[in-house]
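Results of the structural survey
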Amino acid sequence: MLSSTDFASASWELVVRVDHPNEEEQKDVTLRVAGDLHVGGLMLKLVEQINVSQDWSDFALWWEQKHCWLLKTHWTLDKYGVQADAKLLFTPQHKMLRLRLPNVKTVRLRVSFSAVVFKAVSDICKILNIRRSEELSLLKPSGDYFKKKKKKDKTNKEPIIEDILNLEGSPTTSGPPVSPGLYSRTMTPTYDPINGTPASSTMTWFSDSPLTEQNCSILAFSQPPQSPEALADMYQPRSLVDKTKLNAGWLDSSRSLMEQGIQEDEQLLLRFKYYTFFDLNPKYDAVRINQLYEQARWAILLEEIDCTEEEMMIFAALQYHISKLSLSAETQDFTHESEVDEVEAALSNLEVTLEGGKMDNTLEDITDIPQLADNLKLFRPKKLILKAFKQYWFIFKDTSIAYFKNKELEQGEPVEKLNLRGCEVVPDVNVAGRKFGIKLLIPVADGMNEVYLRCDHENQYAQWMAACILASKGKTMADSSYQPEVLNILSFLRMKNRNSASQVASNIETMDINPECFVSPRCAKKHKSKQLAARILEAHQNVAQMPLVEAKLRFIQAWQSLPEFGLTYYLVRFKGSKKDDILGVSYNRLIRIDATTGIPITTWRFTNMKQWNVNWEIRQVAIEFDQNVSIAFTCLSADCKIVHEYIGGYIFLSTRSKDQNETLDEDLFHKLTGGQD
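Rules and cut-offs
The residue numbering used here restarts from 1 in each chain and proceeds along that chain's sequence as written. Owing to the predicted nature of the model, reporting of local features is limited to residues with pLDDT of at least 70; listing and counting of side-chain atom pairs is limited to 80 or more, with chain, interface and lining totals taken over all residues. Side-chain measures here rest on the full set of heavy atoms in the structure, leaving out hydrogens and waters. Only DSSP runs of H or I covering at least 4 residues are called helices, and only runs of E covering at least 2 are called strands; the numbering of each starts at the N terminus. Per-residue accessibility, obtained with a 1.4 Å probe over protein chains only, is compared with the maximum for each type, and a residue is labelled buried under 20%, exposed over 50%, and partly exposed between these values. Should any heavy atoms of two residues lie within 4.5 Å, those residues are counted as being in contact. The method behind every accessible area is Shrake-Rupley, applied with a 1.4 Å probe, and residues are considered shielded solely by the protein chains displayed. In this description, a line fitted to the C-alpha atoms serves as the axis of each element, helices being fitted only across the stretch in contact, and the angle between N-to-C directions of two axes falls anywhere from 0 to 180 degrees. Orientation is classified from the angle alone, with under 35 degrees giving roughly parallel, over 145 giving roughly antiparallel, 65 to 115 giving roughly perpendicular, and any other angle giving oblique. With the far helix as reference, a near helix turned anticlockwise by less than a right angle produces a left-handed crossing, and one turned clockwise produces a right-handed crossing. Basically, the charged four are Asp, Glu, Lys and Arg, the nonpolar ten are Ala, Val, Leu, Ile, Met, Phe, Trp, Tyr, Cys and Pro, and anything else, Gly included, counts as polar. Method remark: on a 1 Å grid restricted to protein atoms, a set of points is classed as a cavity if a 1.4 Å probe fits but cannot get out and as a pocket if it is open with protein on both sides within 12 Å along at least five of seven lines; lining residues have an atom within 4 Å of a point. Grid points are joined across faces, edges and corners, and a volume is the space filled by probe spheres set on the points. Here a polar contact is recorded for every N or O atom pair within 3.5 Å, except that within protein the pair must consist of a potential hydrogen donor and a potential acceptor, and residues adjacent in sequence are included only if both atoms are side-chain atoms. Strand pairing is assigned whenever DSSP detects at least two bridges linking the two strands. The salt bridge definition used is simple: a Lys or Arg side-chain nitrogen within 4 Å of an Asp or Glu carboxyl oxygen. By definition here, a helix of n residues has an expected span of 1.5 Å times n minus one. Buried residues of nine kinds, namely Ala, Val, Leu, Ile, Met, Phe, Trp, Tyr and Cys, make up a nonpolar core once their side-chain atoms join them within 4.5 Å. Here a Phe, Tyr or Trp ring, Trp counted by its six-membered ring, pairs with any other such ring whose centre lies within 6.5 Å, and the pair is stacked when the planes are under 30 degrees apart, edge-to-face when over 60, and tilted otherwise. Think of it as a cone above the ring: NZ of Lys or CZ of Arg counts as a charge over the ring if it is within 6 Å of the ring centre and within 35 degrees of the ring normal.

Comments concerning the overall build of the protein chain
When its secondary structure is counted, the protein chain shows 19 helices and 24 strands. Looking at the 677 residues of the protein chain, the share that counts as buried comes to 51%. The contacts of the protein chain with a sequence gap of at least 6 include a subset with a gap of at least 24, amounting to 65%. Surface accessibility of the protein chain: about 32,600 Å² in total, with carbon and sulfur atoms responsible for 50%.

Observations regarding the packing of helix 10 (residues 309–327) against helix 17 (residues 548–560)
A pair of packed helices is captured by two measures, namely the crossing angle of their axes and the spacing between those axes. Between helix 10 and helix 17, the least distance of the axes is 10 Å, while the angle of their chain directions is 155°. Taken together, helix 10 and helix 17 sit at an angle that is classed as roughly antiparallel. For the element pair helix 10 and helix 17, the recorded crossing hand is left-handed. Judged by residue contacts, Phe315, Leu318, Gln319, His321, Ile322, Leu325 and Ser326 of helix 10 engage Leu548, Ala551, Lys552, Arg554, Phe555, Ala558 and Trp559 from helix 17. Among the residues forming the contact of helix 10 with helix 17, the class breakdown is nine nonpolar, three polar and two charged.

Things to note about empty space enclosed by the protein
It is the rolling of a water-molecule-sized probe over the atoms that shows where space remains empty. According to the stated counting rule, one finds three cavities of 30 Å³ or more in the structure shown. For the lining of the largest cavity, the elements supplying multiple residues, two or more each, are helix 4 (117–128) and strand 8 (136–139). Per-element accounting of the lining of the largest cavity gives the leading share, three residues, to helix 4. Among the residues forming the lining of the largest cavity, the class breakdown is six nonpolar, three polar and two charged.

Let's talk about the side chain of Thr91
Here Thr91 shows up in strand 5 (residues 88–92). A distance of 2.5 Å separates polar atoms of two side chains, one belonging to Thr91 and the other to Lys95. With residues near it in sequence (within four places) discarded, Thr91 still touches Asp19, Asp58, Phe59, Ala60, Trp62, Trp69 and Met258.

Focus: the sheet that holds strand 10 (residues 267–272)
Spatially, the five strands line up as an open sheet ordered 8-10-6-7-9, and their pairing is mixed. Only two strands of the sheet have a single partner each, and these edge strands are strand 8 and strand 9 (164–167). Averaged over all pairs of adjacent strands, the angle between strand axes in this sheet comes to 40°, irrespective of strand direction. As defined by bridge partners, strand 6 (residues 94–100) adjoins strand 7 (residues 106–112) across seven bridges and the pair is classed as antiparallel. Considered in strand 7, the bridge of His94 is made with Ser112. Packing of helix 4 onto the sheet brings it into contact with strand 6, strand 7, strand 8, strand 9 and strand 10, and relative to strand 8 it is tilted by some 110°.

Looking at the pattern of salt bridges
Counted according to the given criterion, the structure contains 34 salt bridges. Between Asp19 and Lys95 there is a salt bridge whose closest N-O contact spans 3.8 Å. Of this pair, Asp19 sits in the loop between strand 1 (11–18) and strand 2 (27–34) while Lys95 sits in strand 6, and the two are 76 residues apart along the sequence. Taking the relative accessible area as the measure of exposure, Asp19 reaches 18% and is therefore buried. Here Asp581 ties to Arg592 by a salt bridge, and the two come within 2.9 Å at their closest N and O atoms. Here the residue Asp581 occupies a position in strand 19 (residues 581–585), and Arg592 occupies one in strand 20 (residues 589–594), the gap between them amounting to 11 residues. Linked through salt bridges whose partners overlap, the residues forming this network are Arg131, Arg132, Glu134, Glu135, Asp279, Asp285, Arg288 and Arg656.

Observations concerning helix 9 (residues 286–301)
Over its 16 residues, helix 9 runs 22 Å from end to end, which matches the ideal 22 Å to within 8%, given 1.5 Å per residue. By the criterion of burial, helix 9 is predominantly enclosed, with 16 of the 16 residues buried. Phi for Glu303, located one or two positions after helix 9, is positive at around 55°.

Focus: the sheet that holds strand 3 (residues 59–63)
Here we have five strands laid out as an open sheet, ordered 2-1-5-3-4, and mixed in their pairing. Each end of this open sheet is capped by a strand with a single partner; those strands are strand 2 and strand 4 (68–70). Averaged over neighbouring strand pairs, the angle between their axes works out to 35° when direction is ignored. Where helix 2 (residues 39–50) meets the sheet, it contacts strand 1, strand 2, strand 3, strand 4 and strand 5, and its direction lies at approximately 130° from that of strand 2.

Describing helix 13 (residues 482–496)
Since the α-helix advances by 3.6 residues per turn, residues separated by three or four positions end up pointing in the same direction. The terminal C-alpha atoms of helix 13, which comprises 15 residues, lie 22 Å apart, in line with the 21 Å expected from a rise of 1.5 Å per residue. Listing the buried residues of helix 13 in full gives Tyr482, Val486, Ile489, Leu490, Ser491, Phe492, Leu493, Met495 and Lys496.

A closer look at the pairing of strand 6
Within strand 6, six of the seven residues are buried, leaving the element largely enclosed by the surrounding structure. Between strand 6 and strand 7, which pair antiparallel in sequence order, lie five residues; one of them, Val104, sits at a positive phi of approximately 65°. In terms of strand pairing, strand 6 meets strand 10 through three bridges, oriented parallel. Looking at the pairing, Arg100 lines up with Leu269 of strand 10.

Some points on the nonpolar core
Membership of the largest hydrophobic core comes to 110 residues, with the highest contact counts inside it found for Leu138, Leu257, Trp559, Tyr570, Ile623 and Phe633. Considering each element in turn, this core owes the most residues, nine residues, to helix 10. Setting aside its immediate chain neighbours within four residues, Tyr570 contacts Thr244, Asn247, Trp250, Asp581, Ile582, Leu583, Val585, Ser637, Ala638, Ile642, Val643 and Tyr646. Grouped together as the second largest cluster of nonpolar side chains are 37 residues, Tyr392, Leu418, Cys468 and Val486 included.

Let's talk about the packing of aromatic side chains
Evaluation of the coordinates by the stated rule reveals 32 aromatic pairs. Taking 5.5 Å as the distance between ring centres and 80° as the angle between the ring planes, the aromatic pair formed by Tyr275 and Phe565 counts as edge-to-face. Highlighted residues: Tyr275 in the loop between strand 10 and helix 9 and Phe565 in the loop between helix 17 and strand 18 (568–574), separated in sequence by 290 residues. Just as Tyr275 is buried, Phe565 falls in that class too. A cation over an aromatic ring shows up here: Arg297 above the ring of Trp298, its NZ or CZ 4.9 Å from the ring centre. Just above the ring of Phe574 sits the side chain of Arg592; from NZ or CZ to the centre is 4.2 Å.

Let's talk about the side chain of Asp252
One can find Asp252 in the loop between helix 8 (240–245) and strand 10. Taking relative accessible area as the criterion, Asp252 reaches 8% and is therefore assigned buried. Reaching out from Asp252, the side chain makes a polar contact with the backbone nitrogen of Ser254 at a distance of 2.9 Å. Ignoring sequence-local partners within four residues, the contact set of Asp252 consists of Val117, Gln260, Lys641 and Glu645.

Written as structure tokens, this is what we have:
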């Protein structure tokens with residue numbers, strides 16, 4: 001038996017601050033504890049001493065000096081290393097957070113500050129009805145994000161009241177599993193696939209969801225366009241180095257919000273982080289498709305991604321069309337009952353599943369692989385030589401292009417054979433000028449070989465461009481995605497076709513929305529308002545009959561066809577180099593880019609990667625590829641953990657397949673992205 005003196009020497013006083021939700025000031029509670037007391041026992045003692053009758057189930061202990069949660073309640077204080085000088089806070093795990101969505105709408109909801117960000121984002125997406133939460137993450141905005149707005153606010157006498165959608169009653173407040181929101185795993189569609197309205201009969205199934213029909217319309221429909229003045233006040237990157245600042249604030253998916261210094265009611269950005277959008281289905285994804293469209297729209301308007309003026313007008317026309325449909329009374333009329341035939345829905349869903357199943361399960365091994373053969377023009381840029389194209393006979397087979405002086409010589413040795421696996425494919429098109437070009441950047445040992453191909457007409461261009469895109473990914477024309485790719489390219493080209501201006505002229509006066517709202521501020525400065533309106537309405541004639549959801553999907557496809565799509569930029573210093581470079585991270589490759597000229601220097605594909613790791617002491621990322629190629633770099637514009645997570649995240653997403661039934665191997669994600677910090 002221990003005497004009272006012995007017990008006093010074995011025990012010690014521990015001060016715990018209690019973050020009581022009903023009181024403004026935190027109170028200190030002093031407890032006498034011993035090192036063998038487990039965390040659960042400490043919390044029990046604490047609640048008994050506070051002696052306030054309430055639900056304490058969401059509370060946990062936060063250790064301020066160590067910056068960690070004490071969530072393993074069976075661990076003793078000795079095992080955690082807690083001593084008398086420890087500053088512990090007894091606080092709720094779920095706290096309010098403001099999230100700015102891609103459509104620039106802010107929602108306020110209760111989020112777990114103790115779960116890792118990967119899990120917290122999953123819970124957020126379930127509340128907001130966004131499937132495939134692994135594609136999104138939370139971004140802490142840089143100082144530049146709000147910089148211009150603050151300058152304007154100084155001269156504004158009236159304070160700006162932000163319109164916030166409050167979802168405080170969200171189901172993440174406590175232990176029960178999160179409500180599935182408005183989508184389910186059943187075959188019955190949740191949204192009308194034509195106009196994106198929620199099927200009202202499904203609302204009654206999930207009455208506990210805070211996302212009512214009204215809130216759903218805010219998230220699933222495009223908001224009215226911002227004024228040109230508001231656009232001009234937003235941060236716009238002017239160079240590649242500026243673009244690196246946009247991606248510096250991604251939160252670590254393997255740590256909690258609290259561990260990363262996020263405060264209660266702080267504002268973060270919810271964004272699509274990984275540009276591989278899996279299984280987009282209009283029946284279930286009205287919110288997801290709209291938020292994707294909005295993220296793409298703002299990327300175009302703020303010039304976060306480059307596009308030609310011709311492409312800008314296509315994007316403007318689609319925005320104008322979507323804006324008109326979203327504002328119409330018909331689209332937002334939720335009172336109608338959309339009766340869904342369940343058998344028809346099941347068959348339709350099965351058809352989508354069969355058509356969009358695993359791309360790799362093709363019949364390449366037992367069928368003849370198609371090939372293309374035609375006359376094309378070729379040009380290889382060399383210094384001090386004018387751009388002169390020369391015609392050759394080209395044969396595209398497997399993932400390679402061979403070209404000959406003429407068709408009669410195709411049985412002999414080609415002039416050259418180009419292996420396109422791992423190359424960069426860039427469109428070089430001007431429909432109005434009848435220019436249909438393909439720019440190929442083919443990786444070689446000391447950099448990139450640049451080759452230009454020129455097609456005669458849009459059909460030829462679509463076939464060869466689609467074949468080049470697939471070959472760059474290591475796929476042949478036997479792949480099931482070849483024909484859809486050809487059709488996508490053709491439909492985008494046809495949107496660029498200019499129609500007669502007679503009908504456009506009569507519509508300019510009736511254009512009820514400011515045309516400057518639909519183009520970037522820099523583009524708006526180049527043209528008078530009437531000129532812009534005429535060009536937008538001209539392009540609009542090609543999309544005027546599209547339903548709302550199809551128009552959004554077409555906008556997303558056009559965004560995906562841009563050369564810079566899916567590239568996330570970071571400023572890095574490669575080992576052995578004396579100057580800084582830009583590293584572009586994409587879903588299937590890394591690109592080293594000259595920071596001054598913006599020209600790609602080298603490409604490395606993930607398929608050739610053997611291993612990658614991080615030296616946490618010197619914050620250096622090292623990657624080994626096939627053929628004894630290895631690179632190492634330090635990150636200058638962000639923490640190296642962010643780049644490490646991007647690489648692992650894309651490799652993780654490449655393992656998804658339809659037969660997984662939307663369940664994810666979270667442990668695998670953390671193995672690939674976590675690292676050893």
